[in-house]
Amino acid sequence: MFGWGVLKGMLVTLWNFLLTYLWPKKGIFTVQYPEKKLPLAQRYRNFPFLVYDGTPHMIRCVACKICESECPPKCIYIIPEKDAEGRVQKKPAVFDIDYAICMNCGLCEEVCPFDSIFMDHEYEISKYNRAEDLMVRKEALLKPWEYFAKIRPHDFERIEAKRAAKSAKAKPVAPAEKPSQKPDAGPTSPQQGSVPKNG
Amino acid sequence: MSLPCAPTLKTELLEVSIGPQHPSTHGVFRMNAVLDGETVVKLKPVMGYLHRNHEQIAETLPYLANMPYTDRLDYICSMTNNFAYALAVEKLAGIDVPERAQYLRVMMAELTRLVNHSLLIGFLLNDLGAWFTPVFYAFREREKILDFFEAVSGSRMMCNYFRFGGVKADLPESALDQVRRIVRDYPRFLDEFERLLAGNEILKSRCQRVGILPKELAVNASITGPMLRASGVNYDIRKADRYSIYDRFDFRVPLGMTGDVYDRYYVRVLEMRESVKILEQVLKQMPEKGDILSAKGLQACRAPRMWKPPAGDAYGRIESPKGELGFYLVSDGSPKPYRYHVRPPSFINLTVLEDLCIGQKIADAVIILGSIDIVLGEVDR
Ligand code: SF4
Ligand code: SF4
């Protein structure tokens, strides 16, 4: 019968329509976004951030500029710090990432030999101004190592193990300061608040 | 006012420019059509609105740094783009790929095929006027696959997951269950999709005998992929070239008979079923553990700036969901490719657009374009 195929198709849509009422868990696939958010996968990557250990002065980055030269669209800009005599220090004075250009590829994280730059989970970063607001400076990029532990526990464990092994091999006396995972939550939370948020 | 009678009725050809902002052109693509009434007598595709100098950029970058850029060629199938590029570089430098990584690669490629084909069918139906219902059904399923991609590679669409000599990271725990669920549920979705569409009389009358691509023309115009197979030419690079480990899987290559829009649509439906079959075999055969990056590959990926492949050239190709996707690389022994060329299936398949559209109604030109399956990121590069 002509039209039967159309009707059969309509039955499918009708069934799906009813399913949203009868069995919402199976029928509804959308999330009311700003109110509800889906959990992100641990490996989710958006924009890079820098980590520090303890206080924001203890930046882990040594300004080796590897990420700067590996970044495909060249959106990282680093100037190492210099001391009074003009000797280059192992610390960035300027570390800018142009979020407007960054393409979230994650290569900077992969090539950094010092585990100091990682991809963030922050995705609500809309800004009014592309040129200034999306040029993220060092201060805004810095986030505590505990924050990383929170968003990516698996990688945190892996990297901690690697760093512990490395520092044990390098000099057995000074172990990498190891933030214990849970008890630190109290003292770090005010710090986390003081960090300028990118979001 | 007197009505014009037939002999004095003035008729002339009408030139219509469709796009580049037209929703049915799937991106910034323009068709300059010359119409006689409603019939197309000439059609000139105008492309280049999305040109971003992809090949030239690649020639200024180290080999690995170009991997994320290949994601952006055909942004619906970033995994297969990665795959082809990785194959080309591996051929160039003679890098081997460990067993588990091979399976992971095939898994990703076939999942990408599911994503691409279900999406394409949804949008094709959109062009036909089935306003967004099929698209959303397809999106619903695609979402599950993208969730898996996110869990594995970190990004839903711009996966950047393949590395020379393997893949970036192993599966996280429970990701395999995710795939199993997808593979288990997908046939059910395909059945539903088929119930929704296959018998539909409107779909049939709009698609059958429309935009017929004859076998000879398809071969002469180097059409590849489902479009070629819909015309009845048995050519699938997975079978013809047997790259990676495709020789281990048992699957069939669906072929069309007439080469019209309907065949192109239906070949894709059947291909999805074959992809599900391949995925089942992958899940069964994949080794539990194993390396995911070979030693030589690790060298290439650890410090991409320093890594130099030997001088020479290589062409790596795969059967991407849209057709033959190939990367041609010429190396002069420096860390950057001397020449980098992409053979994009969308672009080459698009070259027959005019032949398909001539003599058809203008409304059909839209679905013919839809059935070619283009992504402008790949057409314009
Ligand atoms: S983030 Fe890492 S790679 Fe980049 S400059 Fe700092 S230490 Fe070097
Ligand atoms: S994610 Fe990629 S584009 Fe962004 S800063 Fe890192 S290397 Fe550069």
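Not measured: the values here are computed from a predicted model.

Visitor: Quick one: what's the story with the side chain of Asp96(A), residue by residue and with numbers?
Guide: Structurally, Asp96(A) can be placed in strand β3 (residues 88–98). Those residues in contact with Asp96(A), other than ones at most four positions away along the chain, are Cys75(A), Ile76(A), Tyr77(A), Met135(A), Val136(A), Arg137(A) and Lys138(A).

Visitor: Outline the packing of aromatic side chains, supporting the account with residue identities and numerical values.
Guide: Remark: the centre distance and the inter-plane angle together describe each pair of aromatic rings, the angle taken between the planes. All names here are of chain B. Under the definition given, this model contains 30 aromatic pairs over all chains. Taking the centre distance of 5.3 Å and the plane angle of 40° together, the rings of Phe 83 and Phe 162 count as tilted. Taken together, the residues Phe 83 in helix α3 (residues 78–93) and Phe 162 in strand β4 (residues 162–163) connect sequence positions 79 residues apart. Per residue, the accessibility class of Phe 83 equals that of Phe 162, and both read buried. Considering the side-chain rings of Tyr 262 and Tyr 266, the 6.1 Å spacing of their centres and the 5° angle between planes classify their relative orientation as stacked. Of this pair, Tyr 262 and Tyr 266 both sit in helix α11 (residues 261–285), separated by four residues, roughly a single helical turn. Residue class for Tyr 262 comes out buried when judged on its relative accessible area of 11%. The exposure class of Tyr 266 is partly exposed, given its relative accessible area of 22%. A connected cluster of aromatic rings, assembled from ring pairs, spans Phe 83, Tyr 103, Tyr 161, Phe 162, Tyr 243, Tyr 246, Phe 249 and Phe 251.

Visitor: Would you mind going over the site of ligand 2 in detail, with residue names and values included?
Guide: In the region of ligand 2, 13 residues are neighbours, and Cys71(A), Cys102(A), Cys105(A), Gly106(A) and Cys108(A) sit closest. Here the shell around ligand 2 is built from residues that sort into 11 nonpolar, two polar and no charged.

Visitor: Give a detailed account of the environment of Met107(B), specifying residues and quantitative values.
Guide: All names here are of chain B. Position of Met 107 relative to the elements: it lies in helix α4 (residues 99–128). In this structure Met 107 comes out as buried when scored by relative accessible area, which is 1%. Met 107 sits 77 residues away from Arg 30 along the chain, and the two C-alpha atoms are 35 Å apart. If near-sequence neighbours (up to four positions away) are discounted, Met 107 is found in contact with Phe 148, Leu 176, Val 179, Leu 279, Val 282, Leu 283 and Met 286.

Visitor: Break down the packing of α4(B) against helix α5 (residues 133–153) of chain B for me, citing the residues and quoting the values.
Guide: Two quantities define a packed helix pair, namely the angle between the axes and the distance from one axis to the other. Residues and elements named next belong to chain B. Where α4 meets α5, the closest approach of the two axes is 9 Å, and the angle between their N-to-C directions is 155°. Between α4 and α5, the crossing angle belongs to the class labelled roughly antiparallel. The chirality of how α4 crosses α5 is left-handed. From α4, Met 107, Met 108, Leu 111, Thr 112, Leu 114, Val 115, Ser 118, Leu 119, Gly 122, Phe 123, Leu 125 and Asn 126 reach across to α5, where they touch Pro 134, Val 135, Ala 138, Phe 139, Arg 142, Ile 145, Phe 148, Phe 149 and Val 152. Looking at the contact of α4 with α5 residue by residue, the class counts come to 16 nonpolar, four polar and one charged.

Visitor: An account of the sheet that holds strand β3 (residues 39–46) of chain B is needed here, citing residue identities and associated values.
Guide: Hydrogen bonds between backbone atoms are what pair the strands of a sheet, whose relative direction is either parallel or antiparallel. Residue and element names in this part refer to chain B. Taken in spatial order, the three strands make up an open sheet running β1-β2-β3, and their pairing is antiparallel. Looking at strand neighbours, the two that pair on one side only are β1 (14–18) and β3, the edges of this open sheet. Taking each pair of neighbouring strands and ignoring which way they run, the sheet shows an average axis angle of 20°. Judged from the seven bridges that link them, strand β2 (residues 30–36) and β3 form a sheet pairing that is antiparallel.

Visitor: Explain the pattern of salt bridges to me, using residue names and the numbers behind them.
Guide: Inspection of the entire model under this criterion finds 46 salt bridges over all chains. One salt bridge connects Asp120(A) with Lys143(A), and the closest N-O pair in it is separated by 2.5 Å. Residue Asp120(A) is located in the loop between β4 (117–119) and α5 (130–133), and its partner Lys143(A) is located in strand β6 (residues 142–144); the two are separated by 23 residues in the primary sequence. Both residues of the pair, Asp120(A) and Lys143(A), belong to the buried class. Asp236(B) is the salt-bridge partner of Arg229(B), the closest N and O atoms lying 3.7 Å from each other. A single burial state applies to Arg229(B) and to Asp236(B), both of which are buried. One network of salt bridges, in which partners are shared, links Glu110(B), Arg113(B), Arg229(B), Asp236(B), Arg238(B), Glu271(B) and Glu319(B).

Visitor: Mind laying out the confidence of the model for chain A, listing which residues take part and the relevant values?
Guide: Chain-level statistics for chain A give a pLDDT mean of 78 and a share of 84% at 70 or above. In this model, residues 173–199 of chain A is a region of pLDDT below 50 whose contacts with residues beyond four sequence positions or in other chains number 38 contacts.

Visitor: Which residues make up unusual backbone geometry, and what are the values?
Guide: Residues and elements named next belong to chain B. In the Ramachandran plot, Ser 222 falls in the positive-phi region, its phi being about 50° despite a non-glycine side chain. Relative to the helices and strands, Ser 222 resides in the loop between α8 (215–220) and α9 (226–230). Even without a glycine there, the phi angle at Arg 381 is positive, about 50°. With respect to the helices and strands, Arg 381 occurs in the segment after α16 (376–380). For Arg 381, a relative accessible area of 13% puts it in the buried group.

Visitor: Account for the sheet that holds β4(A), with residues named and values stated.
Guide: Residues and elements named next belong to chain A. If you walk across this open sheet you meet the three strands as β4-β1-β6, and the pairing is mixed. Two strands in the sheet have a free side with no partner beyond their single neighbour: β4 and β6. Pairwise comparison of adjacent strand axes, ignoring direction, gives a mean angle of 50° for this sheet.

Visitor: Outline the environment of Leu14(A), supporting the account with residue identities and numerical values.
Guide: Residue and element names in this part refer to chain A. With respect to the helices and strands, Leu 14 occurs in helix α1 (residues 4–22). Overall, Leu 14 belongs to the partly exposed group, its relative accessible area being 43%. For the pair Leu 14 and Ile 79, spaced 65 residues apart in sequence, the C-alpha separation works out to 62 Å.

Rules of the game
Residues numbered from 1 in each chain as written. Chains lettered and ligands numbered in written order. Predicted model: local features only at pLDDT ≥ 70, side-chain atom pairs only at ≥ 80, totals over all residues. Heavy atoms only, no water. Helix = DSSP H or I, 4+ residues; strand = E, 2+ residues; numbered from the N terminus. Contact = heavy atoms within 4.5 Å. Phe/Tyr/Trp six-rings, centres within 6.5 Å; stacked < 30°, edge-to-face > 60°. Buried < 20%, exposed > 50% of the residue type's maximum accessible area, 1.4 Å probe, protein only. Near = heavy atom within 4 Å. Nonpolar A, V, L, I, M, F, W, Y, C, P; charged D, E, K, R; others polar. Axes fitted to C-alpha atoms, helices over the stretch in contact; angles between N-to-C directions. Parallel < 35°, antiparallel > 145°, perpendicular 65-115°, else oblique. Left-handed = near helix turned anticlockwise from the far one by under 90°. Pairing = 2+ DSSP bridges. Salt bridge = Lys/Arg side-chain N within 4 Å of Asp/Glu carboxyl O. pLDDT = per-residue confidence, 0-100.

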